[in-house]
Each structure stands twice: as C-alpha cells, then as structure tokens.
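# Notes for the structure review
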Amino acid sequence: MKTYNIGVIGGDGIGPEVVCEGLKVLRAVKNRFDYNFVEYPYGSEHYIKTKELVPDRVIEEWR
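So, here's what we can say about the structure. Just so you know, these numbers come straight off a predicted model, no measurement behind them.

### Re the packing of aromatic side chains
Summed over the entire model, instances satisfying the criterion amount to 5 aromatic pairs. Between the aromatic rings of tyrosine 4 and phenylalanine 33, the centroid separation amounts to 6.0 Å while the plane-to-plane angle is 85°, which identifies the pairing as edge-to-face. Of this pair, tyrosine 4 sits in strand 1 (residues 3–9) while phenylalanine 33 is found in the loop between helix 1 (16–28) and strand 2 (34–40), placing the two residues 29 residues apart along the sequence. Take phenylalanine 33: its relative accessible area is 25%, and that puts it in the partly exposed class. The interplanar angle of 90° and the centroid separation of 5.5 Å between the aromatic rings of tyrosine 40 and tryptophan 62 together place this pair among those described as edge-to-face. Of this pair, tyrosine 40 sits in strand 2 while tryptophan 62 is found in helix 3 (residues 56–62), placing the two residues 22 residues apart along the sequence. According to the relative accessible area criterion, tryptophan 62 is partly exposed, its value standing at 40%.

Listed below in structure tokens is the structure:
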C-alpha cells in the first residue's frame, strides 16, 4: 500500500481547532490508506514572530 505524507500547518486563518478535527477524520480512516503527518510551523503566527516565509526546500517537499 502506498504511504502518503500529509503536510499540516496548524490553523492558518481557519483556527487550530478546525485542523485538529480534520486530522481526527483522517485518523478514523487510517485502515483505508497509509499516511504520515508532517507538521510545519509556517503559519501566520510564525511569520509575525520571525518574518520567515516558507523556505524553498519546504516548497520542494510539498511538490
């Protein structure tokens, strides 16, 4: 079975609680396909603190 890497940016604009609920849904269907969650800090809160945009290497991972 193929394994998918699913990038997660916790709640940028919709709220962390919405992302958390979406992850619960994916965990509930775990037996349908394999996946790994890859968490990234690149939401608006991270940008406000660091002024760092998503690095090119991460954009390449997403591709």
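### A look at the pattern of salt bridges
One pass over the full model with this rule turns up 4 salt bridges. Two residues, lysine 24 and glutamate 21, come together in a salt bridge whose shortest N-O distance is 3.0 Å. One end of the pair is lysine 24 and the other is glutamate 21, both in helix 1 and 3 residues apart, which spans about a single turn. Judged by its relative accessible area of 43%, glutamate 21 falls in the partly exposed class. As a salt-bridge pair, lysine 49 and glutamate 45 come within 3.7 Å of each other at their nearest N and O atoms.

Reading guide: rules and limits
Residues numbered from 1 in each chain as written. Predicted model: local features only at pLDDT ≥ 70, side-chain atom pairs only at ≥ 80, totals over all residues. Heavy atoms only, no water. Phe/Tyr/Trp six-rings, centres within 6.5 Å; stacked < 30°, edge-to-face > 60°. Helix = DSSP H or I, 4+ residues; strand = E, 2+ residues; numbered from the N terminus. Buried < 20%, exposed > 50% of the residue type's maximum accessible area, 1.4 Å probe, protein only. Salt bridge = Lys/Arg side-chain N within 4 Å of Asp/Glu carboxyl O.

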